[in-house]
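Residues per chain, in single letters:
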Amino acid sequence: MTGLSYEVIWFKQFSHVWGSSTLAMASVVGSFLLGLGIGARCGGAIADRVARPVVWYGVFEIGVGGLALLIPTGTNLVWRVSVDYYSSLRDFPIAYALLRCATTLAVIGPSCVLMGATLPLMVRQFASRSGLGQATGWLYGINTLGAALGCYLVGFHVLPELGLFWTNVATAMANLAVGIAAISTAYRLPLTVLFASSATAPAADARAADSRFGYAVSVKATYVVAGLVGCAGLMLQTVWNRQLALVLGSSTYAFTAVLFVILAGIGTGSLLLQKAIPEDNRVVALLFYVVAGLVFSTIVGVWLLPFVADCVGLSIPLRTNGVVNALVYFAASMLLVFLPAMAMGALFPILVQCTRRSAARAGFAVGTVYACNTVGALVGAVGTSVWLVPTLGTRLIVSLALVLYLVPVALLVADSGCRSVKPYLVMLLVGLAVAQFSRGREDPRLTNMGMFLYGYSSPAERSAEVLFYEEGASCNVLVTKQGDSTSFRVNGKVDGSSHGDMAMQLGLAYFPRFLNPDAQNVLVVGFGTGTTCGTALLFPESRVTCCEIEPAIVAAAPHFAKVNHEPLKSPHFTVVYDDARAYVQGTADRYDLILSEPSNPWIAGVSNLFTAEFYWIASRKLAPNGIFAQWIQTYCFSPQDYAMIVRTMRDVFPHHQLVRISNGDTILLASNQPLDRDATAIEAAQQLVDGSPAMQSDLNRYFGTTDVRNLLLTRIVLDEGGLQRLVAADGSERRNLDRNMQLEFTAARHLYQFRGDKTTERSILAAARAEWFIEGFDRLGCGARQVTCLHELIGLFSDAGFTETAAAMVEFGLRTNPHSPELLADQILLKERLDLELLDRLLASSESSVCAQGNRVGVECWRRKQFGDATTVFDRLCTRFPTSATLWTNLAINYDHLGQPQKANSARRRAMALDPTGFEASMPAPRNN
C-alpha cells in the first residue's frame, strides 16, 4: 500500500520539476522501476543468507520510510539543478534525458531499491512452509492488492485532503510502523533453512530440485521469459491507459481508477491461482494456458472499447453524483482490463515455480524473476510511451505485446518437453494476435469524440469528416470537419475550432497586446489550432515561442490555415516541444507577453500550470511592463475553483484585470506593473489595428468592431477591486499550490456537477461595478462613438439580473448621448412597466435604429406577458413606420392575446399587403428584427 502511495506522490512531485511531458515522465518511471529491479536482485541474494528474513524486511521498511521523508528536500535540489542546466542542455536532448534520469535515480533510487528487496525477503521467510509457487502467489497477491488499496486511498481521498507533503509524511510513518511490527513479529517465527555457502552448493541444490520436480526447463530461459512478459505487460498497460483516457477522460480520478483496477486484477489473479500451481511439468502447461487467457481477454477488451465508450456517454446524466461517477470509472476499467490483469498476476508465481528452486533458494529465485520482470517492464513502459506509440500506434502495440507473451512461452513449453499444450492452440492464439493487427486502422470517431464529456452521440451524429488523426506520444489528436466548422480534439475533448472557439483563441493574442502595444517577445503556452500564435505574429517585430508538449498537435495546424494565419511559415516563430513549466523555469529569456492557454485544469498534470509556484516563476520571466495572460474557463467549473485560481494569481502578481470573452471563456491579465492604460497608449494600439487588414478582418468577424476602445471597455469587466470582491465572495482562503494540488482534484470532481451551470459566470458579473466602466470611458478617451457599446454591457448585466449596474450605465450613457435608441430602449426595459414618456423619446429619435430598438421593446413586453404594453408599443411603431410588415404582424399577435380578433385580423391584412408571401403574417410569435 505504501509503495504505490509513494509512486503516485513522487510522480506528481517530479512533474513539478521536469514537467509532464512523455520524456520527463519516462525518466521518473524508468528510475522507479530500475530501483525496484536492483532491489529485488540484491534482496533475493540477501534473503537466502539470513536466518530471519523478516527482520531484514522490517529494517528495509524502516529505511524506506526514513528516506521518503527526505524526498521533498531531494526534489527541491533537483529543481535547482534543472534550472541551472536547462538552457545549456535544451539543445542536447540525450544529455538532458540522462541528467533527468541520473538526478531522479539519485533521489528516489535508494528508497526504490529497498522497496524492491522486500518481496524476496518475505517469500524466503515463508517458502519453507509451503511450495515456492504458493508462497509467492500468496505474498505477491496480498502485496499487489495492498498496492491497489494504496492507489485508491491516495488518489481518491488522502491526496485531495492532505496534499503532497503531508501524504508523503503519513505514508512514511506507515512504513516505519510496518517495519517495527515486522521486527517485533520476526522472533515468533521459525528460523529458515540456509543453503550451504560452498561453491558447489547451488549446483547440488539445482540437481535436487530437478529430481524433486521431475521436469527440465532452462532456468535462464525462464528469466528471459520473465523479462519479456514484464515488457509485454507494461506495453499493454500503457495502451490501456491511453484507451481508457479516450473513454473516461484524462482526469486524475480516471487514471487512478484504471491503475486500481489493473492492480486489483493482478493481485486477485495471483491469489486465486496460487493453490493451483503444480510442482511437476504441468506448471509449464499452466503457464501457457494463463497466457492464452490473457491474449483472448485482451482482444475481447479491444473489441469492446467502442461499446464501453457509448455506455459512458449514456451515463452522463447520472454522473453528477460523485459515487456514481466513481462507479462509472471503475466499471468501464474492469470491463476492459480486469481479466487480462488477473492473468498477469498469475504469471509471476508460476514463473517463480518454473525456476525449480527449493525453499533454501527461494530468495534468489523470487529476486531474480522479479528483477528480470521489472527490467522488462522498464523497457516496455519507457519504450512504448516514447517510441512505439508515435511510430506504430496502439493497435500494432497490442499485437506486438500479445506475440511477446505467446512466442517465448510457447518456446519454453517446447523446451520443457511438456506435451499437454496442443500445437494447434498455439497457432490459433498467434493467429488471433496477428488478426488483431490485420484488422487495419479503426475509425477514430468511434472512441475519440469525447462522449465522456459531451454525452452519447449516435453513429449518424458522428458523421464528421476526418481530416487528421495521429496517436502522439502523450495523446491522440483528431481533426474533424462538419459543415464549415473544423474541430480539433485531444483525447476526445475539443481544444479548439475554426468557429466557436475563435473569439477566445484570438482574444488571448489581442487583449494583452492592446495593453502592451510595444511588446515583441511573446511566449505562448499550448499550440492548439495555432490561431493564438499566428495572431501574435501579425504585430510588427513580434517573435513568438510556443511550448507544446505534443508534436502531433502542431502537425494538425495546416487544417486551420484559413484562420490561424499560418504561424509555421513565419521565420519569427519557434516551437519548443517540452512541458511549459519546465521550459519557463529553466529559460534565461524574458518575455513581454506570456499567453497561457493550456487545456482544462481538470486534466491530470494541467493544473501544474495554475499553481502559485508556476505563477511565481512566470512573474520573474516577464520583461518590464510585461503581461501574463491566463485563460480560465467558466463552464463545468465551480465558482469556488474559479475564485481559487484568481486568489492564487493575486498572491503573486500585484496588478490584475479580468477580460470576459464569452459566457464560457475569460482571460486573467496579471503584471508586476499597473495595467491601466491612458488614451495615448490605446491610440498606439489602435494604429496597429488600423494598419493591418488581417487584424481588422479578425476583429470585425469575431468581435463586431475594430475599435480598440470599444473592445477594452466592453470586455475588461473586473479591475483589481472587482477581483478582490470576487475572491471575498467565495468565503474561503483556498489556493492552488504544488504541495496541495487542490485544482487537479476539485475541478475533476466538479466536472459534471456544474455541467451547463452558469453560477461561475454570475459570480463574475456580481463582482463588477458600473463605476469601473464609467471611469474607463474617460480614461480610455472614449467619446460618442463608443457610447453605443455600453448597450452590450447593459444587456449582459440586465439579463443576469444585475439591474442596478445596468441602470447606472444607462444613465451615464444617456448623459453622453441623450438620443441613443439603444440606450433609450435599455432604459425602458429596465423598468417593470412601460414608461410612455421614455417610449415617446425613443420614437422621437432621428437615428436609423429606432425601428429595431422599438420592436425589441415590444417583443420583450410580449415575452413578459405584458400584452397591453406590447400592443401600445407596436401600435405607436406602426404609426411611425407604417411600411413594416414585421411590426404589423407583431401587433396582430398581441391583439390575439388580448382577445381582440377584429383588430388582429385588420393588422394581419396590413401585414399581408406589405408581405404578399404571407411569411411575416404567419409567424406564431413576434419577430425581433
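Everything below is about the structure shown above.
Let me sum up the structure you'll find in this document.

What counts and how
Residues numbered from 1 in each chain as written. Predicted model: local features only at pLDDT ≥ 70, side-chain atom pairs only at ≥ 80, totals over all residues. Heavy atoms only, no water. Helix = DSSP H or I, 4+ residues; strand = E, 2+ residues; numbered from the N terminus. Buried < 20%, exposed > 50% of the residue type's maximum accessible area, 1.4 Å probe, protein only. Contact = heavy atoms within 4.5 Å. Lys, Arg positive; Asp, Glu negative; His and termini not counted. Charge placed at Lys NZ, Arg CZ, Asp CG, Glu CD. 1 Å grid on protein atoms, 1.4 Å probe; cavity = no way out; pocket = protein on both sides within 12 Å on 5 of 7 lines; lining within 4 Å. Points joined across faces, edges and corners; volume = space filled by probe spheres on them. Nonpolar A, V, L, I, M, F, W, Y, C, P; charged D, E, K, R; others polar. Patch = residues over 30% accessible without salt bridge, like charges linked within 9 Å, V, L, I, M, F, W, Y side chains within 5 Å. Areas by Shrake-Rupley, 256 points an atom, 1.4 Å probe, with all protein chains shown as cover. Salt bridge = Lys/Arg side-chain N within 4 Å of Asp/Glu carboxyl O. Pairing = 2+ DSSP bridges. Axes fitted to C-alpha atoms, helices over the stretch in contact; angles between N-to-C directions. Parallel < 35°, antiparallel > 145°, perpendicular 65-115°, else oblique. Left-handed = near helix turned anticlockwise from the far one by under 90°. Core = buried A, V, L, I, M, F, W, Y, C linked by side-chain atoms within 4.5 Å. Phe/Tyr/Trp six-rings, centres within 6.5 Å; stacked < 30°, edge-to-face > 60°. Lys NZ or Arg CZ within 6 Å of the ring centre and 35° of its normal. Expected span 1.5 Å × (residues − 1).

## Here we look at the overall build of the protein
(1) Moving on: Helices and strands together make up the secondary structure of the protein, namely 38 helices and 12 strands.
(2) Moving on: For the protein, with 929 residues in total, the buried portion stands at 61%.
(3) Moving on: In the protein, once contacts between residues fewer than 6 apart in sequence are set aside, the share between residues at least 24 apart is 78%.
(4) Moving on: Of the side-chain charges in the protein, 71 are positive and 69 negative, and the distance between the mean point of each set is 9 Å.

## What about empty space enclosed by the protein?
(1) Moving on: By the definition in use, this model includes 3 cavities of 30 Å³ or more.
(2) Moving on: Here the largest cavity defines a volume of roughly 100 Å³.
(3) Moving on: Along its surface, the largest cavity is lined by 13 residues, and L712, I716, W772, R779 and L780 are the ones closest to its centre.
(4) Moving on: Only α25 (708-715) and α29 (770-779) provide two or more residues apiece to the lining of the largest cavity.
(5) Moving on: Of the residues contributing to the lining of the largest cavity, the split by class is 8 nonpolar, 2 polar and 3 charged.

## Quick word on a nonpolar patch on the surface
(1) Moving on: Where nonpolar side chains cluster on the molecular surface, the patch consists of I46, W56 and V59 and spans about 230 Å² of accessible area.
(2) Moving on: Along the chain, I46 falls in helix α2 (residues 22-47).

## Quick word on the layout of surface pockets
(1) Moving on: Approximately 580 Å³ is the volume attributed to the second largest pocket.
(2) Moving on: What lines the second largest pocket is a set of 26 residues, and nearest its centre among them are L23, P93, R100, Y577 and D578.
(3) Moving on: Mapped by element, the contributors of at least two residues to the lining of the second largest pocket are α2, α4 (71-89), α5 (93-126), α12 (362-392) and α18 (551-555).
(4) Moving on: Of the residues that constitute the lining of the second largest pocket, the class distribution is 16 nonpolar, 4 polar and 6 charged.

## Focus on the pairing of strand β6 (residues 543-547)
(1) Moving on: With 4 of 5 residues buried, β6 lies mostly within the body of the structure.
(2) Moving on: Pairing between strand β5 (residues 521-525) and β6: 5 bridges, direction parallel. Counterpart to V522 in the pairing with β6 is V544.
(3) Moving on: Looking at chain direction, β6 and strand β7 (residues 573-576) are connected through 4 bridges and run parallel. Bridge pairing in β7 places V544 opposite F573.

## A word on helix α27 (residues 742-749)
(1) Moving on: With 7 of its 8 residues buried, α27 lies for the most part within the structure.
(2) Moving on: Within α27, the full set of buried residues consists of Q742, L743, E744, F745, T746, A747 and A748.

## Structural notes on the sheet that holds strand β12 (residues 716-718)
(1) Moving on: In space, the 8 strands of this open sheet follow the order β7-β6-β5-β8-β9-β11-β10-β12, with mixed pairing throughout. For this open sheet the edge positions go to β7 and β12, each flanked by a neighbour on one side alone. Taking each pair of neighbouring strands and ignoring which way they run, the sheet shows an average axis angle of 25 degrees.
(2) Moving on: Packing against the sheet, helix α26 (residues 720-730) makes contact with β10 (655-660), β11 (665-671) and β12, and its axis sits at approximately 80 degrees to β10.
(3) Moving on: Most of the contacts of helix α28 (residues 759-766) go to β10, to which it runs at about 125 degrees, and overall it touches β10, β11 and β12.

## A few points about the packing of helix α31 (residues 790-799) against helix α32 (residues 803-816)
(1) Moving on: Closest axis-to-axis distance for the α31/α32 pair is 8 Å, and the angle between their directions is 160 degrees. Here α31 lies roughly antiparallel to α32, going by the angle between them. For the pair α31 and α32, the crossing hand works out as left-handed. Here L790, L793, I794, F797 and S798 of α31 come into contact with α32, specifically with T803, T805, A806, M809, V810, F812 and G813.
(2) Moving on: Considered class by class, the residues forming the contact of α31 with α32 number 8 nonpolar, 4 polar and no charged.

## Side note on the nonpolar core
(1) Moving on: Core analysis: the biggest nonpolar cluster contains 292 residues, and W10, L248, F514 and F797 have the highest contact counts within it.
(2) Moving on: Once you skip the residues sitting within four places of it in the chain, F514 turns out to touch I682, A685, V689, L699, V708, L711 and L712.

## What to know about the pattern of salt bridges
(1) Moving on: Per the stated rule, a full pass over the model turns up 21 salt bridges.
(2) Moving on: Between K493 and D495 there is a salt bridge, and its shortest N-O distance comes to 2.6 Å.
(3) Moving on: For D495, a relative accessible area of 25% gives the class partly exposed.
(4) Moving on: A salt bridge links R581 to D738; the nearest nitrogen and oxygen atoms lie 2.4 Å apart.

## Details of the side chain of N740
(1) Moving on: With respect to the helices and strands, the residue N740 is situated in the loop between α26 and α27.
(2) Moving on: In this structure N740 comes out as buried when scored by relative accessible area, which is 17%.
(3) Moving on: When residues no more than four places from it in sequence are discounted, the contact partners of N740 are L159, G163, L164, R735 and F745.

## What to know about the environment of G496
(1) Moving on: With respect to the helices, strands and loops of the structure, G496 is situated in strand β4 (residues 493-497).
(2) Moving on: Among the residues examined, G496 registers a relative accessible area of 0% and is labelled buried.
(3) Moving on: A C-alpha to C-alpha distance of 28 Å links G496 and R735, two positions 239 residues apart in sequence.
(4) Moving on: With near-sequence residues (within four places) excluded, G496 lies in contact with T486, S487, F488, D501, Q505 and T529.

## Brief notes about unusual backbone geometry
(1) Moving on: Here E566, not a glycine, exhibits a phi torsion of approximately 50 degrees, which is positive.
(2) Moving on: In this fold, E566 is placed in the loop between α19 (561-564) and β7.
(3) Moving on: Of the residues examined, E566 reaches a relative accessible area of 33% and is grouped as partly exposed.
(4) Moving on: Even without being glycine, M741 reaches a positive phi, approximately 45 degrees.
(5) Moving on: Inspection of the secondary structure puts M741 in the loop between α26 and α27.

## Looking at the sheet that holds strand β3 (residues 485-490)
(1) Moving on: Reading across the sheet, the 4 strands line up as β1-β2-β3-β4 and stay open at both edges, with antiparallel pairing between neighbours. Both edges of this open sheet fall to β1 (465-471) and β4, since each of them pairs with a single strand only. Averaged over all neighbouring strand pairs, the angle between strand axes comes to 20 degrees, with direction disregarded.
(2) Moving on: In terms of strand pairing, strand β2 (residues 476-482) meets β3 through 6 bridges, oriented antiparallel.

## Let's talk about the packing of aromatic side chains
(1) Moving on: Taken as a whole, this structure holds 28 aromatic pairs when the rule is applied.
(2) Moving on: Summarising the aromatic geometry, the rings of F288 and Y289 are spaced 5.9 Å apart at their centres and angled 75 degrees between planes, so their arrangement reads as edge-to-face.
(3) Moving on: Its relative accessible area of 0% is what places F288 among the buried residues.
(4) Moving on: Three or more aromatic residues joined by ring pairs make a cluster, and in this case those are Y152, F156, Y253, F260, F330 and F745.
(5) Moving on: When the ring centre of Y329 is taken as origin, the NZ or CZ atom of R319, which lies over that ring, is 5.2 Å away.

## With respect to the environment of A365
(1) Moving on: With respect to the secondary-structure elements, A365 resides in helix α12.
(2) Moving on: The exposure class of A365 is buried, given its relative accessible area of 0%.
(3) Moving on: Through-space distance from the C-alpha of A365 to that of A885 is 92 Å; in sequence the pair is 520 residues apart.

## A short note on the packing of helix α22 (residues 639-650) against α27
(1) Moving on: Viewed as axis vectors pointing N to C, α22 and α27 meet at an angle of 155 degrees, and their least axial separation amounts to 10 Å. Taken as axis vectors, α22 and α27 run roughly antiparallel relative to one another. α22 and α27 meet at a crossing whose hand is left-handed. Two secondary-structure elements touch here, α22 through D641, M644 and I645 and α27 through Q742, L743, T746 and A747.

## A few points about helix α8 (residues 219-248)
(1) Moving on: Along its 30 residues, α8 runs 42 Å from first to last C-alpha, staying within 8% of the 44 Å computed at 1.5 Å per residue.
(2) Moving on: Judged by how many residues are buried, α8 sits mostly within the fold: 24 of 30 residues are covered.
(3) Moving on: Count one or two residues on from α8 and you reach G249, which has phi positive near 95 degrees.

## Examining the side chain of D730
(1) Moving on: Topologically, D730 is positioned in helix α26.
(2) Moving on: Of the residues examined, D730 reaches a relative accessible area of 18% and is grouped as buried.
(3) Moving on: For D730, the contacting residues outside a window of four places in its chain are Q640, A643 and R647.

So far we have only geometry, and geometry alone does not tell us how the molecule works.
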